Structure formats: C-alpha cells, structure tokens
Amino acid sequence: MNRLLSVLRGLSWPRVGVPGTSLARACTFVLVLALVATITGLALEFSSRRTPSEPVRPVAVGNTAPRSQAADIAPVAFAFGALPGASGSDIRLVGVIAQGKQGKGVALLAVDGRPPIALRAGEDIAAGVTLAEVRADRVVVSRSGALQEVRMPAKPAPDGIVKVQ
C-alpha cells in the first residue's frame, strides 16, 4: 500500500492539472468515506433485523368459530353502573311503613310500570331482586348481592307555602 501511495505521489497528472500528492489525498478521502458509509449501512441493516420469539400467524377477520353460549355482558354493564338483574329494573317507591331502625317494615313498590304492591322486608320483588331494608324515607334493594337505595320521591310544597332560604 505504501508503495502504491509513493508511486501516486511521485506522478504528475498533466491532463487533470492536479499534483500527485493532492490527488492521492483526495482518493484516500473518498475511499475512507465510502468505507464509513458501507459500514454504517451494514450496521443499520443488521441492527434493524429481529427474530420473533414465536412464529407470526395471520389472524382471520371476524370470528369464524361459532359460539356455544351467549356472551355474558353483565360484568361489563356492572362496571359502567348498571345493576345486575334484568327483571325489576324499574322500581319506584310509593310508600313505606317502617318499624323502628332495624330495617323492618312494609313498602309499597311499583315495579316496571305495574300497579304498586306491598312487600315486607326480605321478600322477593322479582327474580334475583329482594327488598333488603325498609327505612322511613327509602328502601334498600338487593340485586344479586349489590345493594341499591330507592328513595321516596320528593313532594312539591302545597300552594301558598314558600320555602325560605
């Protein structure tokens, strides 16, 4: 290599008009630049490759396997605030007869728009829905273990009575 460089330095290139030493330096610079670009390209190519830990399988669009049973959406509905139990979903408190502070008594409930019925604490309102407690102004309903309060609707003030603030 040194011999080649010494020969290139000693030559004069009359057609190009560049002295031999400058031409040798320019060629060395171009070759080093090409070598750096090649090494950088190879390093980037090999670093971007990866071997997956498991084989990649295509995923079919849609569910091709038929379901053997219906999906249970109750946990998702419960997470968004719905209470379990399809029947007895609309319970309206019409009146109460509370006995003490133990939650005993009778409540008059209208279920799903039907006429009101009288129920004692502990009786079933609908499938999976039980009247748990009766209080003076509300009842507590148990829907498959989840408790829900149903309050007595507020009565408007009679005519002629003004609420002072």
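Everything below is about the structure printed above this text.
To keep things clear, this report deals only with the structure shown in the data block. Worth saying up front: this structure is predicted, and the values here are computed from it rather than measured. Residues take numbers from 1 onward in each chain, read along the sequence in its written order. Residue-level local features of this predicted model are given only where pLDDT is at least 70; pairs of side-chain atoms are given and counted only at 80 or more, and the full residue set underlies all totals for whole chains, interfaces and linings. Side-chain numbers here rest on the full set of heavy atoms in the structure, without hydrogens or water.

With that settled, the discussion passes to the overall build of the chain. Secondary structure elements are defined from DSSP: runs of H or I of at least 4 residues count as helices, runs of E of at least 2 residues count as strands, and each element is numbered from the N terminus. Assigned secondary structure in the chain consists of 3 helices and 9 strands. Listing each helix as α and each strand as β along the chain from the N terminus yields α-β-β-α-α-β-β-β-β-β-β-β. Residue burial is assigned from relative accessible area. The probe radius is 1.4 Å, only protein chains are included, and a residue is buried under 20% of its type maximum, exposed over 50%, and partly exposed in between. Within the chain, the fraction of its 165 residues that count as buried is 15%. Should any heavy atoms of two residues lie within 4.5 Å, those residues are considered in contact. In the chain, the share of contacts with a sequence separation of at least 24, taken over all contacts with a separation of at least 6, comes to 33%. All accessible areas in this document rest on Shrake-Rupley with a 1.4 Å probe, and a residue is counted as covered only by the protein chains that are shown. Accessible surface computed for the chain: about 13400 Å², of which carbon and sulfur atoms make up 61%.

With that out of the way, let us pick up the sheet that holds strand 6 (residues 124-126). Spatially, 4 strands are ordered 6-7-8-9 in an open sheet, and the strand pairing comes out antiparallel. Every other strand in the sheet has two partners, leaving strand 6 and strand 9 (146-151) as the edge strands with one partner each. Taking the axes of each pair of neighbouring strands and ignoring which way they run, one obtains an average angle of 35 degrees across the sheet. For two strands to count as paired, DSSP must find a minimum of two bridges between them. Axis lines are fitted to C-alpha atoms, over the contacting stretch for helices. Their N-to-C directions set the angle, which ranges from 0 to 180 degrees.

The subject of this paragraph is the pattern of salt bridges. Here a salt bridge means any side-chain nitrogen of Lys or Arg lying within 4 Å of a carboxyl oxygen belonging to Asp or Glu. In total, this model carries 5 salt bridges according to the counting rule given. Between arginine 138 and aspartate 137 there is a salt bridge, and its shortest N-O distance comes to 3.0 Å. A relative accessible area of 22% places arginine 138 in the partly exposed class. Of the residues examined, aspartate 137 reaches a relative accessible area of 35% and is grouped as partly exposed.

Right, let's get into a nonpolar patch on the surface. Residues Phe29, Val30 and Leu33 make up a contiguous nonpolar surface patch of roughly 330 Å² in combined accessible area. Residue leucine 33 is classed as exposed on the basis of its relative accessible area of 51%. Nonpolar side chains (Val, Leu, Ile, Met, Phe, Trp, Tyr) within 5 Å and like charges within 9 Å form the patches, drawn only from residues with over 30% relative accessible area and no salt bridge.

Put simply, a nonpolar core is a bunch of buried Ala, Val, Leu, Ile, Met, Phe, Trp, Tyr and Cys residues held in one set by side-chain atoms that sit within 4.5 Å of each other. Ile91, Ala107, Leu109, Ile125, Leu131, Val139 and Val141 are the most contacted members of the largest nonpolar core, which has 14 residues in total. When contributions to this core are tallied by element, the ones reaching two or more residues are strand 3 (91-99), strand 4 (104-111), strand 6, strand 7 (129-134) and strand 8 (138-143). Setting aside chain neighbours within four positions, we find valine 139 in contact with Leu93, Val96, Ala107, Leu109, Leu131, Glu133, Val134, Gln148, Glu149 and Val150.

Here we come to the side chain of serine 142. Secondary-structure assignment places serine 142 in strand 8. Using a relative accessible area of 16% as the deciding quantity, one classes serine 142 as buried. Contact partners of serine 142, with chain neighbours within four places excluded, come to Gly128, Val129, Thr130, Ala132 and Leu147.

Bringing the pairing of strand 5 (residues 117-120) into the picture now. As paired elements, strand 4 and strand 5 share 4 bridges and run antiparallel to each other. Among the inter-strand pairings, leucine 108 is bridged to a residue of strand 5, identified as alanine 118.

Moving on, we get to the sheet that holds strand 3. Read across the sheet, 3 strands follow the order 3-4-5 without closing on themselves; strand pairing throughout is antiparallel. The two strands at the open ends of the sheet, each matched to only one other strand, are strand 3 and strand 5. Pairs of neighbouring strands in the sheet enclose a mean axial angle of 25 degrees, with direction left out of account. Direction of pairing for strand 3 relative to strand 4: antiparallel, over a ladder of 8 bridges. Within strand 4, the residue paired with valine 96 across the bridge is alanine 107.

Attention now moves to the pairing of strand 8. The side chains of a regular strand alternate between the sheet's two faces. Most of strand 8 sits out of view: 5 of its 6 residues are buried. Where strand 7 lies against strand 8, 5 bridges are found, and the strand directions are antiparallel. Counted as the bridge partner of leucine 131 is valine 141 from strand 8. As consecutive antiparallel partners, strand 7 and strand 8 are separated by 3 residues. The pairing of strand 8 with strand 9 spans 6 bridges and is classified as antiparallel. Residue pairing across strands places valine 139 opposite valine 150, the latter belonging to strand 9. Taken together, strand 8 and the strand that follows it, strand 9, pair antiparallel across an intervening segment of 2 residues, in which serine 144 is found at a positive phi of about 50 degrees.

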